Amino acid sequence: MYGAVIHAPGDVRYEERPEPTIMKPTDAVIRVVAACVCGSDLWRYRGISPVPKPTPIGHEYCGVVEAVGDAVTTVKPGDFVVGGFNPCDNTCAACRKGATANCLNAAQYEGCQAEKLRVPLADGTLVATPEMPADDLIPSILALSDVMCTGWHAAVSAGVGPGKSVAVVGDGAVGLCAVLAAVQLGAQKVIAMSRHEARQKVATAFGAKHIVAERGDEGIAAIQALTDGIGADCVLECVGTEDARLQASGAVRVGGSIGLVGVPHGDLPVEQFFWKNIGIKGGPANCRAYLPHLLELVLSRTINPGIVFDLELPLSEIAEAYAAMDERRAIKSLVRPSA
Ligand SMILES: [Zn+2]
């Protein structure tokens, strides 16, 4: 079978890889229907995180189960399934608290941008749809594998709820999904920070009432002007850079809270958080905990996070899928193995 392998910064190749097989009784093997490139894949693509050796890449997927191990009981061959980017057993003490991203028995994928994929801990990780979903729902289901759950996690971590004002830092796919999550969770006023017209349009479609194009001190002033001069109750930081965290700490009100889901690079401005009494919470998303509810919202067409995909390519053109995102020609690239 074929899949994507990152060899070095800027060098992702479509190449033959070993056919995945059931290695443990808790595994499933699925035929990937759609996969995508993540903003966090770009850290290696851009040489910010190391690539010590050629490595299969990708952690977002949905597809059809082809085989299951003897111990798997909740999914069967033929089921259409989606799983989060962090496989979990969904039964350990941490998972039972909803902390599925920190499963005590956590496992990893070996490159989801591929024709086939071995899913470890299949019972805990995968959620099946009741029937084969309509093709136009595939992008939104795929978005649940990471970006929508991560945006949701930002909002949940920051305590977004009815009546809250929310500012979202970052207009990548996660930031846009965080806008959608904040609206779904009942926020009264959602402010998206974005300078790019295409991304502003998606934010507005997801329910953002205000767009702030300015950054830095001007951006903070614009958010304060929309929030009684004090800043937003909740700020969702969906980038991961030190600049983004400074933007978040400036945009949040005193006593407010920040949901942090951008993979952190650089320092955390702890002093600013301290003097403003800011709460901060976040990390990798508890996808499995959120998946059933979010899948229901997608299947009932209540939410359509799939519109963050503005480029669709065959898996064989994975190199272009990366380049387009790296050069910000695409918000997020979806790839489909040829049938
Ligand atoms: Zn667990």
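Residues numbered from 1 in each chain as written. Predicted model: local features only at pLDDT ≥ 70, side-chain atom pairs only at ≥ 80, totals over all residues. Heavy atoms only, no water.

1. Considerations on the side chain of Asn286
Summarising the element assignment, Asn286 is placed in the loop between β14 (279-282) and α11 (287-299). A polar contact of 3.3 Å, which involves the side chain of Asn286, links it to the backbone oxygen of Gly98. Among the polar contacts made by the side chain of Asn286, one reaches the main-chain amide nitrogen of Thr100 at a distance of 3.3 Å. Leaving out residues up to four positions away in the same chain, Asn286 has contacts with Gly98, Ala99, Thr100, Ala101, Asn102 and His153. (Helix = DSSP H or I, 4+ residues; strand = E, 2+ residues; numbered from the N terminus. Polar contact = N/O pair within 3.5 Å; in protein donor to acceptor, adjacent residues only side chain to side chain. Contact = heavy atoms within 4.5 Å.)

2. Details of the coordination of the zinc ion
Taken together, the protein ligands of the zinc ion are Asp89 (OD), Cys92 (SG), Cys95 (SG) and Cys103 (SG), with distances of 2.1 to 2.3 Å. For the zinc ion, the four donor atoms are set out with angles of 93 to 120 degrees between them, so the coordination reads as tetrahedral. Expressed as a motif, the donor residue spacing for the zinc ion is D-x2-C-x2-C-x7-C. For the pair shown, Cys92 and Cys95 are each scored as buried. (Donors = N, O, S within 2.8 Å, 3.2 Å for Na, K, Ca; no water. Tetrahedral: all angles 85-135°; square planar, octahedral: opposite > 155°, others 65-115°. Buried < 20%, exposed > 50% of the residue type's maximum accessible area, 1.4 Å probe, protein only.)

3. Here's the deal with the sheet that holds strand β13 (residues 252-260)
An order of β11-β10-β9-β12-β13-β14 is seen for the six strands of this open sheet, with the pairing classed as parallel. Of all strands in the sheet, those with a lone pairing partner are β11 (210-212) and β14, marking the two edges. Ignoring which end each strand starts from, the neighbouring axes of this sheet average 20 degrees apart. Pairing of β13 with β14 involves four bridges; the strand directions are parallel. Counted as the bridge partner of Ser257 is Gly279 from β14. Most of the contacts of helix α9 (residues 242-251) go to β13, to which it runs at about 145 degrees, and overall it touches β9 (165-169), β10 (189-193), β12 (232-237) and β13. (Pairing = 2+ DSSP bridges. Axes fitted to C-alpha atoms, helices over the stretch in contact; angles between N-to-C directions.)

4. A short note on the packing of helix α5 (residues 147-157) against α11
Two elements in contact, α5 and α11, have axes separated by 10 Å at closest approach and are oriented at 105 degrees. Comparing their axes, α11 and α5 come out roughly perpendicular. Of α11, the residues touching α5 (which contributes Met148, Cys149, Trp152, His153 and Val156) are Cys287, Tyr290, Leu291, His293 and Leu294. For the contact of α5 with α11, the per-class residue count stands at eight nonpolar, two polar and no charged. (Parallel < 35°, antiparallel > 145°, perpendicular 65-115°, else oblique. Nonpolar A, V, L, I, M, F, W, Y, C, P; charged D, E, K, R; others polar.)

5. Section: the packing of helix α8 (residues 216-225) against α9
Two numbers describe how α8 lies on α9: the axes approach to 9 Å, and their chain directions differ by 30 degrees. α9 is crossed by α8, and the crossing has right-handed handedness. Counting all contacts with α8, which are made through Gly216, Gly219, Ile220, Ile223 and Gln224, the residues of α9 involved are Gln247, Gly250 and Ala251. Partitioning the contact of α8 with α9 into residue classes produces three nonpolar, five polar and no charged. (Left-handed = near helix turned anticlockwise from the far one by under 90°.)

6. Here's the deal with α9
Burial of α9 is extensive: seven of the ten residues sit out of reach of the surface. Packed against the buried residues of α9 are β9, β10, α8, β12, β13 and α10 (270-275).

7. Observations concerning the nonpolar core
Met148, Val160, Val166, Leu236, Leu294 and Val308 are the most contacted members of the largest nonpolar core, which has 58 residues in total. Of all the elements, helix α6 (residues 173-184) adds the most residues to this core, at nine residues. Core analysis: the next-biggest nonpolar cluster, separate from the first, contains 33 residues, Ala28, Ile30, Ile318 and Ala324 among them. (Core = buried A, V, L, I, M, F, W, Y, C linked by side-chain atoms within 4.5 Å.)

8. Brief notes about the environment of Ala232
Its location among the elements puts Ala232 in strand β12. Using a relative accessible area of 0% as the deciding quantity, one classes Ala232 as buried. Put simply, Ala232 and Val168 are 64 residues apart on the chain and 9.6 Å apart in space, counted from C-alpha to C-alpha.

9. Observations regarding the packing of aromatic side chains
The full count for this structure, using the stated rule, is four aromatic pairs. For the pair Tyr61 and Tyr109, a centre-to-centre distance of 5.1 Å together with 75 degrees between the ring planes defines the contact as edge-to-face. Highlighted residues: Tyr61 in strand β5 (residues 61-68) and Tyr109 in the loop between α2 (93-96) and β7 (116-119), separated in sequence by 48 residues. You can call Tyr61 buried: its relative accessible area is 0%. Of the residues examined, Tyr109 reaches a relative accessible area of 12% and is grouped as buried. (Phe/Tyr/Trp six-rings, centres within 6.5 Å; stacked < 30°, edge-to-face > 60°.)

None of this, on its own, says anything about what the molecule does.
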